[in-house]
Structures are given as structure tokens and as C-alpha cells.
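Read off the chains here:
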Amino acid sequence: MGFCIFNNIAIGARKAQSLGFKKVYIADFDVHHPNGTQHAFYEDDTVFLFSTHCYPYYPGTGAKEEIGFGKGLGYTLNVPLRASTDDKTYIEVYENNFIDSFKAFKPDILLVSAGYDLHKDDPLGPMNVTSEGIKNITNIITKAAKELNISLIFTLEGGYNYDATAKGILDSIENMVNA
Ligand SMILES: [Zn+2]
């Protein structure tokens, strides 16, 4: 839809599978719904897609009723959130919806679509999440991978306030190092 020529995370998921990581869990906290990633794995039970995103919002997809199809039914989990959603709600969602589905799926690898446009100062994102909130979200994600003792890869997606994005990346790496 104009932002990506290649879908890094989808290609990464298939590459991981070709290397022997059979079950891939993708967590996507970019403020936009990952319509391309969802489409790629909508009928696939080997790749679980978890997404939090602003809804209704660009690109229009990501309703909670979109849960996969056929063999992939139940392997897509959309958590649409209203504009201005804050740290507290995000952290609750990651502590509950993310953790529960992550543990139930038991992936061999965790890929993260890390879009820092959920930050409150992002010019494209209408959310109200602070840098501290993002640090907490990425901490929950990195700890979950550590607990299952599986590999974790962050892929940079959106993020249009450079300071907020830089801080988010730095905090994510720090969480990975300290997990
Ligand atoms: Zn985005």
C-alpha cells in the first residue's frame, strides 16, 4: 500500500522456517495494522500473527473479527485500539492477550514488527503511549522470548518522530541485552 516494497517480517518468517524454526510468532506493535503480513499468513497455522494497532485507522483492516481462515483460523489475533490509547491499556494487552497467545502457540522463534509510531509524539500516530510505555511493552516481549528460551528478532517498521524512534530502538536493544 505504498510504505513497503518488500515485507521484511513476512520474508523473515519464511526464511526462519527454511532454517528449521517451524513455528513463528509475529508480534506487531506498529500503530498501523499489518495488512500485508496478515494476508501472507491468513490461512497458515505455522505463523501466528499478533497485532495491536489503532482502529479504525489506515489501512482500514485489523478488526478483532479477523482471526484467520481455513487452516489458519485462530492464528491471527488482532487487538484494535482506539485513538489516544495510553500506556496502561497497552501494557494490559501485552501482559494478557500477547502473553496468553504466545504461550499457547509455543513458537520456535519470535519476530517483532517494531513500529515506534505508537509514540504520543509521532506525527502519524494518534496514540498516547510514552517512551516508558514502549520500554515496558518491549520488555514484556523480550522477557517472554527469554522465558521460552527462543530467539528473538526485532525488525524496524514505522516511527516518524526521530527522537522517539531512536529512544524506542535504544530501549528495545537494552531490553534484549538485559533479558
Ligand atoms: Zn506504522
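Residues numbered from 1 in each chain as written. Predicted model: local features only at pLDDT ≥ 70, side-chain atom pairs only at ≥ 80, totals over all residues.

### Focus on helix 4 (residues 131–148)
Logical step 1: Helix length check: helix 4, at 18 residues, gives a terminal C-alpha distance of 26 Å against a target of 26 Å (1.5 Å per residue), a fit within 8%.
Logical step 2: Here helix 4 has its buried residues at Gly133, Ile134, Asn136, Ile137, Thr138, Ile141, Thr142, Ala144 and Ala145.
Logical step 3: At its buried positions, helix 4 is contacted by strand 1 (24–28), helix 3 (87–105), strand 4 (109–114), strand 5 (151–156) and helix 5 (162–178).
Logical step 4: Positive phi shows up at Asn149, right after helix 4, with a value of about 60°. (Helix = DSSP H or I, 4+ residues; strand = E, 2+ residues; numbered from the N terminus. Expected span 1.5 Å × (residues − 1). Buried ≥ 20, exposed ≤ 12 C-beta atoms within 10 Å, placed from the backbone. Contact = placed C-beta atoms within 7 Å.)

### Brief notes about the nonpolar core
Logical step 1: In this structure, Ala13, Val24, Tyr25, Ile26, Ala27, Phe48 and Leu111 are the most contacted members of the largest nonpolar core, which totals 42 residues.
Logical step 2: Elements represented by at least two residues in this core include exactly helix 1 (8–18), strand 1, strand 2 (47–54), strand 3 (76–81), helix 3, strand 4 and helix 4.
Logical step 3: With residues near it in sequence (within four places) discarded, Ala27 still touches Phe50, Phe98, Leu110, Val112 and Ile141. (Core = buried A, V, L, I, M, F, W, Y, C linked by C-beta atoms within 7 Å.)

### Regarding the environment of Ser84
Logical step 1: Considering the arrangement of structural elements, one finds Ser84 in the loop between strand 3 and helix 3.
Logical step 2: Put simply, Ser84 and Cys54 are 30 residues apart on the chain and 8.8 Å apart in space, counted from C-alpha to C-alpha.

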